[in-house]
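Spelled out, the chains give:
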Amino acid sequence: MMDNSADMDAFKDRLSQRARDTSRPALAHQCRGRDLTEAEQALATALAKIYGEGTHDFAAVADALSAAAVVAPKSGCTDWTADLLAEELATINAELDAAYEAHGYGA
């Protein structure tokens, strides 16, 4: 299986650079009303790696998060299940949606 994480990082870096090039740095993260917390960013990085390795089933993703001892941003758990993964992602998304609603894009 090919590792596309470097390609994705390069793509995200290019988008961010393009936003800076146009003097509109807020567009680099226009869908966020707030920055990710350190724990949320660690989860996002771990998920990108796991998905990049070809794992897509939530139960298998949860197993991989547990094996890597990734801390769940909201509950603080490290013993991931498919249900916990779904709950954490739903909570984070709801918080990001609320922040976007309150602060607009590029906060």
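Relevant structure appears above.
Because the structure is predicted, anything quoted here is derived from the model rather than measured.

Colleague: I would appreciate a short explanation of the side chain of Glu 40 in the present structure.
Modeller: With respect to the helices and strands, Glu 40 occurs in helix H2 (residues 38-52). At 3.3 Å, the side chain of Glu 40 and the side chain of Lys 74 are in polar contact. Apart from residues no more than four positions distant in its own chain, Glu 40 is found in contact with Arg 34, Asp 35, Pro 73, Lys 74, Ile 92 and Glu 95.

Colleague: I would appreciate a short explanation of the pattern of salt bridges in the present structure.
Modeller: Between side chains of opposite charge, a pair can form as their charged atoms come close. In this structure the tally under the stated criterion is three salt bridges. Taking the shortest distance from any N to any O, the salt bridge between Glu 40 and Lys 74 comes out at 3.3 Å. Pair noted here: Glu 40 is in helix H2 and Lys 74 is in the loop between helix H3 (58-67) and helix H4 (82-103), with a separation of 34 residues, a long-range link. Taking the relative accessible area as the measure of exposure, Lys 74 reaches 33% and is therefore partly exposed. The partner of Lys 74 in a salt bridge is Glu 95, with the nearest N and O atoms 2.7 Å apart. On the criterion of sequence distance, the pair formed by Lys 74 in the loop between H3 and H4 and Glu 95 in helix H4 is long-range, its members being 21 residues apart. Take Glu 95: its relative accessible area is 33%, and that puts it in the partly exposed class.

Scoring rules and cut-offs
Residues numbered from 1 in each chain as written. Predicted model: local features only at pLDDT ≥ 70, side-chain atom pairs only at ≥ 80, totals over all residues. Heavy atoms only, no water. Helix = DSSP H or I, 4+ residues; strand = E, 2+ residues; numbered from the N terminus. Polar contact = N/O pair within 3.5 Å; in protein donor to acceptor, adjacent residues only side chain to side chain. Contact = heavy atoms within 4.5 Å. Salt bridge = Lys/Arg side-chain N within 4 Å of Asp/Glu carboxyl O. Buried < 20%, exposed > 50% of the residue type's maximum accessible area, 1.4 Å probe, protein only.

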